[in-house]
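Structure at a glance
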Amino acid sequence: MPAPAPLTVLTGFLGSGKTTLLKHALTDPALAGTAVIVNEFGAVGLDHELLERAEEDLVALSTGCLCCAVRGDLSRTIADLLARRATGEIAFARLVIETSGLADPAPIVQALALDPALRGRVALARIVATVDAVTGPQTLANHPEARKQAAFADTLVLTKTDLTPPQPAAQAARRYNAAAPLLQAGRGRLDPAHLLPPTIPSAHLAASLAAATDAVAEHTEGLATVTLVREQPVPAVALTLFLEALAEACGPDLLRVKGLVQIAEAPETPAVVHGVQHVFHALDWLDAWPTADRRTRLVFIGRHLMPGWPRLLLTQIEREVAAAQ
Amino acid sequence: MSPAELEALLAGLLRLWQVEAALCVRRCGDQGILARIEAPRAAVKITYRIEPFGPAWHVEETGQRRRTYPSTIGPIRHLRESLAPERGSARVVFAAGRGG
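What you see is a predicted model; the values in this text were computed from it and never measured.

1. Overview of the overall build of chain A
Helix and strand counts for chain A come out as 10 helices and 16 strands. Taken over 325 residues, chain A has a buried fraction of 56%. Carbon together with sulfur atoms contributes 55% to the accessible area of chain A, which is approximately 12500 Å² in total.

2. Some thoughts on the sheet that holds strand 3 (residues 43-51) of chain B
Strand pairing in a sheet is mediated by backbone hydrogen bonds. Such pairs are either parallel or antiparallel. Residue and element names in this part refer to chain B. The sheet built from 5 strands is open, its strands ordered 1-2-3-4-5 with antiparallel pairing. A strand with exactly one partner marks an edge of an open sheet, and here the two such strands are strand 1 (22-28) and strand 5 (67-69). Sheet twist, expressed as the mean angle between neighbouring strand axes with direction ignored, is 20°. With 3 bridges joining them, strand 4 (residues 54-61) and strand 5 adopt antiparallel strand pairing. Residue pairing for strand 5: Trp57 is matched across the bridge by Tyr69. Sheet strands in contact with helix 1 (residues 3-17) are strand 1, strand 2 (32-38), strand 3 and strand 4, and its direction is about 155° off that of strand 1.

3. Quick word on helix 6 (residues 167-174) of chain A
Considered for burial, the residues of helix 6 of chain A that qualify are Ala169(A), Ala170(A), Ala172(A) and Ala173(A). Down the axis, helix 6 of chain A shows its buried residues gathered within 165° of arc, on one side only.

4. Focus on the interface of chain B and chain A
Counting residues at the interface gives 34 residues for chain B and 39 residues for chain A. Seen at the junction of chain B and chain A, the total is 4 salt bridges. Ionic pairing is found between Arg77(B) and Glu248(A), a salt bridge with its closest N-O pair at 3.1 Å. Viewed at the interface, chain A and chain B are joined by 13 residue pairs in polar contact (both at pLDDT 80 or more). Those elements giving two or more residues to the side of chain B that touches chain A turn out to be helix 1, strand 4, helix 2 (73-83) and strand 6 (93-94) of chain B. The biggest single contributor to the side of chain B that touches chain A is helix 1 of chain B, with 9 residues. In the side of chain B that touches chain A, the residues fall into 19 nonpolar, 8 polar and 7 charged. The sheet contact formed by strand 14 (residues 279-280) of chain A and strand 6 of chain B spans 2 bridges and is parallel. Of the residues in strand 6 of chain B, the one forming a bridge with Phe280(A) is Phe94(B).

5. Structural notes on the pairing of strand 9 (residues 182-185) of chain A
Residue and element names in this part refer to chain A. Residues Leu183 and Ala185 line the buried face of strand 9, whereas the alternating positions Leu182 and Gln184 sit on a face that is not buried. With 4 bridges joining them, strand 8 (residues 155-159) and strand 9 adopt parallel strand pairing. Counted as the bridge partner of Thr159 is Ala185 from strand 9. Crossover handedness for the path strand 8 to helix 6 to strand 9: right-handed.

6. A word on the packing of helix 2 (residues 74-86) of chain A against helix 3 (residues 105-114) of chain A
Residues and elements named next belong to chain A. In the contact formed by helix 2 and helix 3, the axes pass within 10 Å of each other and the chain directions differ by 50°. Compared by their axis directions, helix 2 and helix 3 come out oblique. The interaxial crossing formed by helix 2 with helix 3 has right-handed handedness. Two secondary-structure elements touch here, helix 2 through Leu74, Ser75 and Ile78 and helix 3 through Ile108, Ala111 and Leu112. Its residues assigned to classes, the contact of helix 2 with helix 3 shows 5 nonpolar, 1 polar and no charged.

7. Let's talk about the confidence of the model for chain B
All names here are of chain B. Chain-level statistics for chain B give a pLDDT mean of 89 and a share of 95% at 70 or above. Taken element by element, chain B is modelled with least confidence in strand 6, mean pLDDT 79, and with most confidence in helix 1, mean pLDDT 96. Reported for the predicted complex are a pTM of 0.75 and an ipTM of 0.93.

What counts and how
Residues numbered from 1 in each chain as written. Chains lettered and ligands numbered in written order. Predicted model: local features only at pLDDT ≥ 70, side-chain atom pairs only at ≥ 80, totals over all residues. Heavy atoms only, no water. Helix = DSSP H or I, 4+ residues; strand = E, 2+ residues; numbered from the N terminus. Buried < 20%, exposed > 50% of the residue type's maximum accessible area, 1.4 Å probe, protein only. Areas by Shrake-Rupley, 256 points an atom, 1.4 Å probe, with all protein chains shown as cover. Pairing = 2+ DSSP bridges. Axes fitted to C-alpha atoms, helices over the stretch in contact; angles between N-to-C directions. Contact = heavy atoms within 4.5 Å. Arc of directions from axis to C-beta. Salt bridge = Lys/Arg side-chain N within 4 Å of Asp/Glu carboxyl O. Polar contact = N/O pair within 3.5 Å; in protein donor to acceptor, adjacent residues only side chain to side chain. Nonpolar A, V, L, I, M, F, W, Y, C, P; charged D, E, K, R; others polar. Right-handed = clockwise from strand over helix to strand, strands pointing away. Parallel < 35°, antiparallel > 145°, perpendicular 65-115°, else oblique. Left-handed = near helix turned anticlockwise from the far one by under 90°. pLDDT = per-residue confidence, 0-100.

See below:
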């Protein structure tokens, strides 16, 4: 089976600049071979000179990118693209889903993870959320959808920073997500490396966690980012029970869990944990540790999480597992 | 587990569920820790003890039968249902990997 296609979810509130960001990105040669799935073609605002071929459900660009509108079910749309790629009808190396401005990214990511038709064929590379530097503070204050989009993001992109100093919007976004890198995109332009999903999604996650330290960042509305860094390897069964206990305790208030874990049974190959609410992608195993640092690093984003509480829970479950063995 | 750890574990749960409660934890006997939670919805006594078969959580509510759990997930579920039944729980779902 070929390697799974890396998939980026591009989200952000209405008018926050997702389309402008994509429009510029699609003209960059570095992003050739990208298939973009949008709610409707008009939303992307494609330049006519870029259009190479337009079918009922697909637009091919001269840059080697594709655009496809969601028809009914998102999973089925992706499965259809993959099937057409398999027959050689179309070609692409990565996928980008541009959500609607009011979308909650969680169900989208969960559906992709759980759909049997997509099993092992796509892999979530990252969730990118745009925040308007001009209206972002007010939007985040007034719209729960925007707060959730920011909280779920692996990467935050401040747009329209050519129009206003970015600090207020940066501070507002940080209240909901202290862990994600915060980038700036004036005039909708961003280094494509930040939007370009890596070939191996897990490697990106590993790199983003390289500098993680044991810490907690409190946000507004009870949202908190808690980071757990530990030296001791984790028995595989303890990790599973830990995640189950976490979901049992936190319920829907657990937004994201991501990290690299040193599993006791396979300490040479780190396991990548990637969860959106209670849905976890299958554990992905890296061939080797990305750096000499082999510590487990887990980041939890959720409401009302107490600093140190995930560590305490994991330690207790480890004791119970050890006692049972 | 130490009394301080049990207290922090229970305090973390109460905070997660936004339950205002009085929490009192003390050592009981050589091997046990006793915790009492007085919350608006229920009063719960929790005894954590190392039994011959391993660690055990005994959870008791006023007027109800004592329940014993061998792992932390059990008391978490019990306490959530008693103290904060309106808070949703979730079952972890692991997506299948490439091998199915």
